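Working through the structure, step by step
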Amino acid sequence: MNKKNVPNTGAVIEIGTNHVKLRVSQLVKGKTQTLDYLEYPVSLGQDVYGSGSVSFESLRELSSALSKFSAALLSYNIDKPRVVSCTTLLEAKNRALVADQLRVRNGLDVEILGSSQEKAYIFSEMLHQLAQEELAGNTFAAYIGSGSIGLAVFDEEKALYFQNIPVGTRKLYDVLGELRRQAQDFHFIIEEYMQALLGRMNLSGIPLKNLVLTGSRIEQIAKLCGAKKAGGLYRIEAQRLQALYESLRAMTDGAIAARYGIPERQAALLYTAVFLYRGLMDFCPQAVEILAPPVDISQGVARQMLNPKAGPEWVAFLRQNALSCAQTAAQAFRCDPVHSQQVGSYACKLFDRLKKLHGLPASKRLILELAAVLHSCGSFVSARQHSRCTFDIIRGMDLFGLSAQEVLEVALVAGGPGVDLDAEAAGLPQGERITISKLSAIFRLANALDKSHQGKLRNLKASLDEDRVLLKAESSKNTLLERWAFEQAAGYFKDVFGLSPELAVKFDMI
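These remarks concern the structure in this document. Not measured: the values here are computed from a predicted model.

Reading guide: rules and limits
- Residues numbered from 1 in each chain as written.
- Predicted model: local features only at pLDDT ≥ 70, side-chain atom pairs only at ≥ 80, totals over all residues.
- Heavy atoms only, no water.
- Salt bridge = Lys/Arg side-chain N within 4 Å of Asp/Glu carboxyl O.
- Helix = DSSP H or I, 4+ residues; strand = E, 2+ residues; numbered from the N terminus.
- Buried < 20%, exposed > 50% of the residue type's maximum accessible area, 1.4 Å probe, protein only.
- Arc of directions from axis to C-beta.
- Core = buried A, V, L, I, M, F, W, Y, C linked by side-chain atoms within 4.5 Å.
- Contact = heavy atoms within 4.5 Å.
- Lys, Arg positive; Asp, Glu negative; His and termini not counted.
- Phe/Tyr/Trp six-rings, centres within 6.5 Å; stacked < 30°, edge-to-face > 60°.
- 1 Å grid on protein atoms, 1.4 Å probe; cavity = no way out; pocket = protein on both sides within 12 Å on 5 of 7 lines; lining within 4 Å.
- Points joined across faces, edges and corners; volume = space filled by probe spheres on them.
- Pairing = 2+ DSSP bridges.
- Axes fitted to C-alpha atoms, helices over the stretch in contact; angles between N-to-C directions.
- Expected span 1.5 Å × (residues − 1).
- Parallel < 35°, antiparallel > 145°, perpendicular 65-115°, else oblique.
- Left-handed = near helix turned anticlockwise from the far one by under 90°.
- Nonpolar A, V, L, I, M, F, W, Y, C, P; charged D, E, K, R; others polar.

1. Things to note about the pattern of salt bridges
- The final tally for this structure, using the stated rule, is 20 salt bridges.
- Note that R388 is salt-bridged to E424, the shortest N-O span being 2.7 Å. Here the residue R388 occupies a position in helix α17 (residues 386-395), and E424 occupies one in helix α19 (residues 421-424), the gap between them amounting to 36 residues.
- Through salt bridges with shared partners, one network takes in R388, D392, R395 and E424.

Here it is, written out as structure tokens:
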């Protein structure tokens, strides 16, 4: 590494499946530039995907690598790099122990990101690098990691669809490795496995024009396809990738290693990576070239960390894409978009006007917005148990950029009275359960205000008055149903906040 003291620098350490990586970046004229980059091999994936936990031997090796990185960072006057890990530690049963030991041994706090959070950083960096391409039409984008695949469809910078698949290059190799050693026609087996895996993604209603693929082994594959790097990305001819796939599909790891002069272990991962990239081509069969920007999460995290303007932009990026993907899902479940928009408007107004009462951070506003979009999806499954079905559907969703805990918040708030909050949130910290109760109380009032799905109430205003919460609105229609629903929701609101909500409706003069 270069031994220099430079201003506006930051460091990101990524604890991955096969490597621990260090990236030192600098902000220069509003742009993030990489100053130094280091990789150190570790075997966390072999532990986690084999036994489910990180071994103490691998933990000691990881701690040693981090110590070397920390020593190298002293020349930049950086003593607190941001340390992130994704799929590997997320799936480790002893992840809390690993994080604690790295804090004790190395003085580093490890941030374990969920799959959706990881992909949000990666897709953000991907879009940043594609900004000069001026792509027309919808873009199918995929990131293949060692342990998972992130899929998204973008209309310019807005995501229309998002999904995580819990299989990556390393995990696929470990899952099917024994089968490969036993079967002579292994390529037929992996092809069938891939078809079954990717065939679950239904994108038939979304026209796709552009294909962007990146992730594990992408630079190696691009070079094997004869692609040149220009403007920060590779342009891989689709037929070249197809040809590479055809040449490798029936080869053994040893034969691939001999052909390309690489270790047999790398040959095995190259094999699975090529199969995954080739399978993803089927989502956009008309694409003649594949855009492949080599990005990783450390680039996305570094850009957000160093750019002073990135905070608000990042919040807006997450909100826009989370809501857009939720709306696509809601459409599939035949939710009423006009009603959802109305409930969301009421909920946000109550949240904003009652800040002194609920005391929640502004970030929780998005939970209410997402709950409004998705709260009717359970009716598609069962009118009788729609609340429970809504909860179960949302809890299993991948919501763009949200952690598993935030997804659970959305599910509990959207589920409404039909879900036992105490039972479903029993494993959460007390503070988190209180947050969910507050959001639920606000949301139930908002949902009651459009019980008829006819948008009867206009110009909603909310205010605090001693022991009451006063809501005033205008209407030209009969609001008896809304008043009844409001009274039903008011009891829970009082149980949570200790204040009685009251609704006053001014009717238009005819």
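And the narrative resumes.
2. Overview of helix α10 (residues 253-260)
- All of the buried residues along α10 are D253, I256 and A257. Each buried residue of α10 sits inside an arc of 100° when the element is viewed along its axis, so together they form one side.
- Just downstream of α10 lies G261, where phi reads positive at about 65°.

3. With respect to the nonpolar core
- Of all hydrophobic cores here, the largest spans 62 residues; its most connected members are L370, L399, L471 and F493.
- Residues within four places of L370 in sequence aside, it is in contact with A322, L323, A326, L399, L402 and V410.
- Core analysis: the next-biggest nonpolar cluster, separate from the first, contains 54 residues, I262, Y271, M281 and A292 among them.

4. Digging into the side chain of E14
- As for its placement among the helices and strands, E14 is situated in strand β1 (residues 9-15).
- Although E14 lies buried, it forms no salt bridge, and the closest oppositely charged side chain, K21, sits 4.3 Å away as judged by the N-O distance.
- In this structure E14 touches H19, V20, K21, V84, D296 and I297, once residues within four positions along its chain are discounted.

5. Details of the packing of aromatic side chains
- Applying the stated criterion to the full structure yields eleven aromatic pairs.
- Measuring from centroid to centroid gives 5.1 Å for F162 and F400, while their planes differ by 70°, and the two rings are edge-to-face. Here F400 lies in the loop between α17 and α18 (404-415) and F162 lies in strand β8 (residues 158-165), a separation of 238 residues in the sequence. Summarising the burial analysis for this pair, F162 and F400 share the class buried.
- An aromatic cluster is built from Y121, F123, F154, F162, W314, F317 and F400, whose rings are joined through pairwise contacts.

6. Here we look at the layout of surface pockets
- Roughly 610 Å³ of internal volume is contained in the second largest pocket.
- Looking at which element gives the most residues to the lining of the second largest pocket, the answer is helix α13 (residues 310-332), with six residues.

7. Some points on the sheet that holds strand β2 (residues 19-28)
- Spatial ordering of the open sheet is given by β3-β2-β1-β4-β5, a layout of five strands whose pairing is mixed. Lying at the two open borders of the sheet, with one neighbouring strand each, are β3 (31-41) and β5 (110-112). Averaged over all pairs of adjacent strands, the angle between their axes in this sheet comes to 25°, without regard to strand direction.
- Sitting on the sheet, helix α2 (residues 56-73) touches β1, β2 and β3, and the angle it makes with β2 is about 20°.

8. Some points on α18
- A rise of 1.5 Å per residue sets the reference length of α18, with its twelve residues, at 16 Å; its end C-alpha atoms lie 16 Å apart and thus fit the reference within 8%.
- Among the twelve residues that make up α18, nine are buried, leaving the element largely enclosed by the rest of the structure.
- Taken residue by residue, α18 has V407, L408, E409, V410, A411, L412, V413, A414 and G415 as its buried positions.
- Residues of α18 that are buried make contact with α16 (365-374), α17, α19 and α20 (430-448).

9. Digging into the packing of α13 against α16
- Between α13 and α16, the shortest axis-to-axis distance is 9 Å and the interhelical angle comes to 15°. On the basis of the axis angle, α13 is roughly parallel to α16. You can see that α13 and α16 cross each other, and the crossing is right-handed. Residues R319, A322, L323, A326, Q327, A329 and A330 of α13 pack against L366, E369, L370, V373 and L374 of α16.
- Among the residues forming the contact of α13 with α16, the class breakdown is nine nonpolar, one polar and two charged.

10. Here we look at the packing of α17 against α18
- The geometry of α17 relative to α18 is characterised by a closest axis approach of 8 Å and an angle of 165° between their N-to-C directions. It follows from the interaxial angle that α17 and α18 lie roughly antiparallel. Crossing angle aside, the handedness with which α17 passes α18 is right-handed. Of α18, the residues touching α17 (which contributes S387, T390, F391, I394 and R395) are V407, L408, V410, A411, L412, A414 and G415.
- Looking at the contact of α17 with α18 residue by residue, the classes come out as eight nonpolar, three polar and one charged.

11. Here we look at the sheet that holds strand β14 (residues 468-475)
- Spatially, the three strands line up as an open sheet ordered β13-β14-β15, and their pairing is mixed. Every interior strand has two partners, whereas the edge strands, β13 (458-465) and β15 (500-507), have only one. Sheet twist, expressed as the average angle between the axes of neighbouring strands with direction ignored, equals 20°.
- Bridge count between β14 and β15: eight bridges; the pairing is parallel. Bridging across to β15, R468 finds its partner in S500.

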